[in-house]
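Listed here are the chains, written in short residue letters.
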Amino acid sequence: MKPAEARLHLAPSATSVPPMAFADYDAAVDWSEREHTTLLRLVPVAASARFDTPAWQLAEVLWHIRSPSTPVTDWTDTGRAGLAAAERAHEPAARIRLLSNLGMACRQRRRLDEALEWHRQALELARATADAFEEARSLNLMGLVDLESRRFDEAGDRFERAAALFRDLGEPRRVAMGLSNVASTRLDAGRPAEAETAARQALAAHRALDNQASVGNALYIIAEAGREQGRFAAARHAVDEALDIALALRNRTLEGFWLLTLGDVQRDSGEYGDALASYQRSAMLHRRLGDRSREALAWRGTGLTYAATGRAQDAAAFHRQAVAAHRELGDAWQLAVELDHLAACVQGTDPEAARVHRAEALTYLARYTDPRAEALRSRIEARPAGRG
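Presented here is a report on the structure given in the accompanying data block. (Residues numbered from 1 in each chain as written. Predicted model: local features only at pLDDT ≥ 70, side-chain atom pairs only at ≥ 80, totals over all residues. Heavy atoms only, no water.)

Let's talk about the overall build of the protein chain
Within the protein chain, the secondary structure is distributed over 18 helices and 0 strands. Overall, the C-alpha framework of the protein chain stretches about 70 × 40 × 40 Å when taken along its three principal axes. Here the protein chain holds 388 residues, and the buried ones make up 50% of them. In the protein chain, 61% of the contacts between residues at least 6 apart in sequence involve partners at least 24 apart. Counting every atom, the protein chain has about 17500 Å² of accessible surface; 53% of that belongs to carbon and sulfur. Between the mean site of the 51 positive side-chain charges and the mean site of the 54 negative ones, the protein chain shows a separation of 2 Å. (Helix = DSSP H or I, 4+ residues; strand = E, 2+ residues; numbered from the N terminus. Buried < 20%, exposed > 50% of the residue type's maximum accessible area, 1.4 Å probe, protein only. Contact = heavy atoms within 4.5 Å. Areas by Shrake-Rupley, 256 points an atom, 1.4 Å probe, with all protein chains shown as cover. Lys, Arg positive; Asp, Glu negative; His and termini not counted. Charge placed at Lys NZ, Arg CZ, Asp CG, Glu CD.)

Okay, structure coming up:
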């Protein structure tokens, strides 16, 4: 559930309905989980009966009250039905918000081209209706798609334009989120020291605003940046605090993702049994959420842990699973990284297979020029061709 992000615009008649009251956050989440499936069914029923206004309103509300433990795939058809209803009702503001929600849903499912198209439509409509807030929001969301596609220059440009608009609009929470996005861009590009600096600025801003999920995100970035710089104790402290936040929010999406970082820190610290447990829970949570990309990242962590303990055959099995998932998802970057890990596992028993895996990895890396990609390409090319 994301109450801080909700900007719901209900019809005047809806204000006569007394709001439900919950004893606390947990009670609200319990209700959302219990009624989730039933509520989703109401939107297409209302839309088919041409009750368009309640149909789009309910679709939007259901996006915001979605329990963190429910797969985003459950909402997608609901969102499409709500969008069609908003179009029939001639509600451009509702259309913009639903287009944005559909884009976020696709990004979570790694359907990045489709996500970008939804956000492009939202951006065009926001500009056509002079909605500066939604224009800034669309730019920021498009930047997140660019970030996951490793188009770092485009991501940075969109984040900067979005931050400028949010600043002009007096939206400090959104400006702070922009700082976090800048930090993520630097981290993914392979600039951990710069990422940590930006993340600490974002962390201070989010703490001042008491935005707990965003505090956790900044801590996650700090943990990853610290781990890459060899500061494992500091990284562990940051990721432990982030996970405490995820557990308090009962947000399984955040818990599953940040468990990957915990597992990495544990593996780098030689705590192999604990690392395997973290990856196993992360894989289980992502499987429930329908996030195959992050489930494959948990398999990667498992494989790397087995490799660190000398179990190359077991490691290779997990890397093969991850390769298959990233190939099916069309994720060229993750596929290249995984192929290199698989090559390392089979190097001792099948040097020719290792050579083939690395050669394939290089074909996927050709499109990337960021520091992290350049470093990986250099490591692969440094290996003698005849020895894999």
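Let's talk about the pattern of salt bridges
Counted by the stated rule, this structure contains 37 salt bridges. For the salt bridge of R107 with E148, the shortest nitrogen-to-oxygen distance reads 3.4 Å. One end of the pair, R107, is in helix α4 (residues 92–108); the other, E148, is in helix α6 (residues 132–148), and 41 residues separate them in sequence. Across the pair R207 and E241 runs a salt bridge whose closest N-O atoms are separated by 3.0 Å. You can see R207 sitting in helix α9 (residues 192–209) and its partner E241 sitting in helix α11 (residues 232–249), a full 34 residues away along the chain. (Salt bridge = Lys/Arg side-chain N within 4 Å of Asp/Glu carboxyl O.)

Remarks on the packing of aromatic side chains
Scanning all chains against the criterion turns up 5 aromatic pairs. With centroids separated by 5.7 Å and ring planes inclined at 65°, the aromatic side chains of F133 and F166 adopt a geometry described as edge-to-face. Of this pair, F133 sits in helix α6 while F166 sits in helix α7 (residues 152–168), and the two are 33 residues apart along the sequence. Comparing F133 with F166, the two get one shared label, buried. Taken together, a centroid distance of 5.7 Å and an interplanar angle of 35° make the contact between Y306 and F318 tilted. Of this pair, Y306 sits in helix α14 (residues 292–308) while F318 is found in helix α15 (residues 312–329), placing the two residues 12 residues apart along the sequence. (Phe/Tyr/Trp six-rings, centres within 6.5 Å; stacked < 30°, edge-to-face > 60°.)

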